[in-house]
Amino acid sequence: MNQNSSPNFAIRQFVPNDTNRVIFIWEQCDLVRNWNNPNFDIQRKLNFQKELFFVGLFNDEIIATAMFGYDGHRGWLNYFAVLPNFQKRGFGRQLMTYGEMALIERGCPKLNLQIRNDNTKAINFYQKVGYKEDAAVSFGKRLIED
């Protein structure tokens, strides 16, 4: 399924030994929040659809992450990140396409994601790869405190 255009870029499933590097990337991309313990989030993903948790590697070093999921109705994307010094080189687009194909193979008709409204870099990226703002309001309720 790997459809990479760069011979130095590869995508594979996350493995537990990737944890520290993945959290480092999330921190560098400002994705970690006080109320979400990244170690807990990784463990939760490994307990549910771990096959949809991907890392992107450039010259065998992890530079990107993506947690895709599918609930039978919609797909979701979380923790999508590319290290800042590797952005704008097509790696994010390749990782996104890879995850989208994994969801299509499962029969997923639509992928949803949430972006903080002040994250203009992310908004611009998602628009460039074909995403549009839905006329929806996002609600959330914390069920388990980290």
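These lines cover the structure that appears in this document, whether it is placed above or below. (Residues numbered from 1 in each chain as written. Predicted model: local features only at pLDDT ≥ 70, side-chain atom pairs only at ≥ 80, totals over all residues. Heavy atoms only, no water.)

Description of the environment of Asp-146
Along the chain, Asp-146 falls in the segment after helix H4 (120–128). For Asp-146, a relative accessible area of 30% gives the class partly exposed. Setting aside its immediate chain neighbours within four residues, Asp-146 contacts Trp-35, Asn-36, Asn-37, Phe-40, Asp-41 and Arg-44. (Helix = DSSP H or I, 4+ residues; strand = E, 2+ residues; numbered from the N terminus. Buried < 20%, exposed > 50% of the residue type's maximum accessible area, 1.4 Å probe, protein only. Contact = heavy atoms within 4.5 Å.)

Structural notes on the pairing of strand E3 (residues 61–70)
Of all the ten residues making up E3, nine are buried; the element is thus mostly covered by neighbouring parts of the structure. Bridging between strand E2 (residues 53–58) and E3 involves six bridges; their strand directions are antiparallel. Residue pairing across strands places Leu-57 opposite Ile-62, the latter belonging to E3. Counted along the chain from E2 to the antiparallel partner E3, the turn is two residues long, and its residue Asn-59 has a positive phi close to 50 degrees. The pairing of E3 with strand E4 (residues 75–82) spans six bridges and is classified as antiparallel. By the bridge assignment, Met-67 is partnered in E4 with Asn-78. Where E3 folds back on E4, the antiparallel hairpin that results is connected by four residues, among which Gly-72 adopts a positive phi of roughly 95 degrees. (Pairing = 2+ DSSP bridges.)

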